[in-house]
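Inside the fold
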Amino acid sequence: MAGGAFVAQGGRNYEGGITVFVAVTCVIAAMGGLIFGYDIGISGGVTSMEQFLAKFFPSVLVKMKNVETGEENTYCKFNSHLLTLFTSSLYLAALVASFFASTITRRFGRKPTMFMGGLVFLLGAILNGITQSTLVLIIGRLLLGVGVGFANQSVPVYLSEMAPAKLRGALNMGFQMAITIGILAANLVNYGTAKIKGGYGWRVSLALAGIPAVMITVGALFLPDTPNSILERGNPEKARKMLQRIRGTDNVDEEFQDLLEASEAAKKVEHPWRNILQPRYRPQLVICSFIPFFQQLTGINVIMFYAPVLFLTLGFKDDASLMSAVITGVVNVAATLVSILTVDKFGRRILFLEGGIQMMACQIAVGVMIGLKFGVHGVGTLTNTEANLVLFMICAYVAAFAWSWGPLGWLVPSEICPLEIRSAGQAINVSVNMFFTFVIAQGFLAMLCNMKFGLFFFFAGFVLIMTIFVAFFMPETKNVPIEEMNRVWKAHWFWGKYIPDDAVVGSGDDKSTGSV
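Residues numbered from 1 in each chain as written. Predicted model: local features only at pLDDT ≥ 70, side-chain atom pairs only at ≥ 80, totals over all residues. Heavy atoms only, no water.

1. Structural notes on empty space enclosed by the protein
- In the structure shown here, the tally under the stated rule is 5 cavities of 30 Å³ or more.
- In this model, the largest cavity occupies a volume close to 160 Å³.
- Taken together, 16 residues line the largest cavity, and the ones lying closest to its centre are Ile40, Gln176, Ile179, Asn301 and Phe401.
- Looking at the lining of the largest cavity, the elements with two or more residues in it are helix H2 (32–46), helix H9 (174–193), helix H16 (282–297), helix H17 (300–313), helix H21 (405–416) and helix H22 (419–451).
- What the second largest cavity holds in volume is close to 140 Å³.
- In terms of lining residues, the second largest cavity is bounded by 17 residues, among which Ala163, Arg247, Glu255, Leu259 and Ile482 are the most central.
- Where the lining of the second largest cavity is concerned, the elements lending two or more residues are helix H7 (134–162), helix H12 (227–232), helix H13 (236–247) and helix H14 (253–267).
- In terms of residue count, H14 provides more of the lining of the second largest cavity than any other element does, 3 residues in total.
- Split by residue class, the lining of the second largest cavity holds 9 nonpolar, 2 polar and 6 charged. (1 Å grid on protein atoms, 1.4 Å probe; cavity = no way out; pocket = protein on both sides within 12 Å on 5 of 7 lines; lining within 4 Å. Points joined across faces, edges and corners; volume = space filled by probe spheres on them. Helix = DSSP H or I, 4+ residues; strand = E, 2+ residues; numbered from the N terminus. Nonpolar A, V, L, I, M, F, W, Y, C, P; charged D, E, K, R; others polar.)

Structure follows, in structure tokens:
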């Protein structure tokens, strides 16, 4: 049996569908992605502003001037561990916070976790806007990280649990859409604030992070909790009424029974962290670990964190570098919309595979172009035509990520775990994502300085590995009810041996089957 040929045939069809109530709550919840996206987009623009560098990182300005006089390699002009700590400290805090958020999500629900995340993020935005010292700047970044950790833990799970199975992909991807909108908004803000006279534009950029923080904090107050979460906390009647409300029908017996069975099984699990290490949860553990690992090793955050810095390094002028970042932001939003419209029709696997092939081709092309033009010494400039070609290839790369590994990196881990390990699985997903985001953010400028154009080949190699991984080990999960996901693993050529028969809910002829 060939691993790449597995296709799940979906689960049982529950009554009900998308309701206005579900659509509105999912839009509000997805705003949690705005705080993550805004921060990703704002960092690179701020760290390319001379006024910001002069106040907190003057040594980087010295390097930039040395490049202009030929005393410093172009690849190394932004290389500063303290500067990268400004960006990466947030993700280290998010990693730690995700473990605390896991417990809060399980015991108190998804809604309080979102509220707390927005509140802490707001405090961090205020500190960053008023800071006069590098220490307060980093403390503000750490608070932003706590907010991101809480939001990234709770929002994807909330969306997966609220959405009907046939639209779970599209609604869950609202989180990624919010991330891309946040990135674009940040790029536009940076483009505008860089022109503010008086040298305080960077303060405006950092402080405006408070707007998406207020949106998710206030929005969380009005959100209902999910039926899964209500059941998890011992209120079956309330959970049934909520399920009826979100499905738009009173006939929810079949779906509610599956939720109830899953909840009863979950209550027997006292230690989700210990249990997720059991062989029966091996597929979920591997996928929740490898998907976020590979997502970061695509190199996307090299582009999103440091787009203006990267374009400046490649010879774009100040305005051109910020505008190029805006262009990649627009492409990011548009391509995410493509994913939303196709993920529940064509499935997860085809998007993963096509996106991987396209990203790899674009990275190799950019690496070759930069290598031919700048060589290992970083000496050279791009003509307008060459610069536009590099920008086009980077946009094609961003588009491929935005309709594949970007949204699917959050969707798939949030939909594959049974209730008894869901909070632990999502915490692993977030923490692995944040850890490698931290590693890439902290190490990128040093890697660019030392690996030069070879950095793009480095990431292309990982894209090849992860595309092969998906082809053999990632089954199709579209249209499968979230509480029936074990059927997918049981039918898989490799993972099936780990799944005991009693882990498959309500086995019978009326249920879905997998085909190989």
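There is more to say after this.
2. Describing helix H5 (residues 81–108)
- Between its terminal C-alpha atoms H5 stretches 39 Å, which fits the 40 Å expected from 28 residues at 1.5 Å a residue.
- Bending of H5 peaks at approximately 45 degrees at the position of Thr87.
- In the stretch just after H5, Gly109 is the one whose phi turns positive, near 110 degrees. (Expected span 1.5 Å × (residues − 1). Bend = angle between axes of the 7 residues up to and from the residue.)

3. Overview of the packing of helix H6 (residues 110–130) against H7
- Running from amino to carboxyl end, H6 crosses H7 at an angle of 155 degrees, the nearest separation of the two axes being 7 Å. By the angle between their directions, the pair H6 and H7 is classed as roughly antiparallel. The handedness of the crossing between H6 and H7 comes out as left-handed.
- For the contact of H6 with H7, the per-class residue count stands at 18 nonpolar, 7 polar and 3 charged. (Axes fitted to C-alpha atoms, helices over the stretch in contact; angles between N-to-C directions. Parallel < 35°, antiparallel > 145°, perpendicular 65-115°, else oblique. Left-handed = near helix turned anticlockwise from the far one by under 90°.)

4. Focus on the environment of Met360
- Considering the arrangement of structural elements, one finds Met360 in helix H19 (residues 348–374).
- We classify Met360 as buried; its relative accessible area is 19%.
- Taking C-alpha positions, Met360 is 9.6 Å from Ala400, a pair spaced 40 residues apart along the chain.
- Once you skip the residues sitting within four places of it in the chain, Met360 turns out to touch Ala460, Val463 and Leu464. (Buried < 20%, exposed > 50% of the residue type's maximum accessible area, 1.4 Å probe, protein only. Contact = heavy atoms within 4.5 Å.)

Interpretation note: all reported values are geometric properties and have no functional meaning in isolation.
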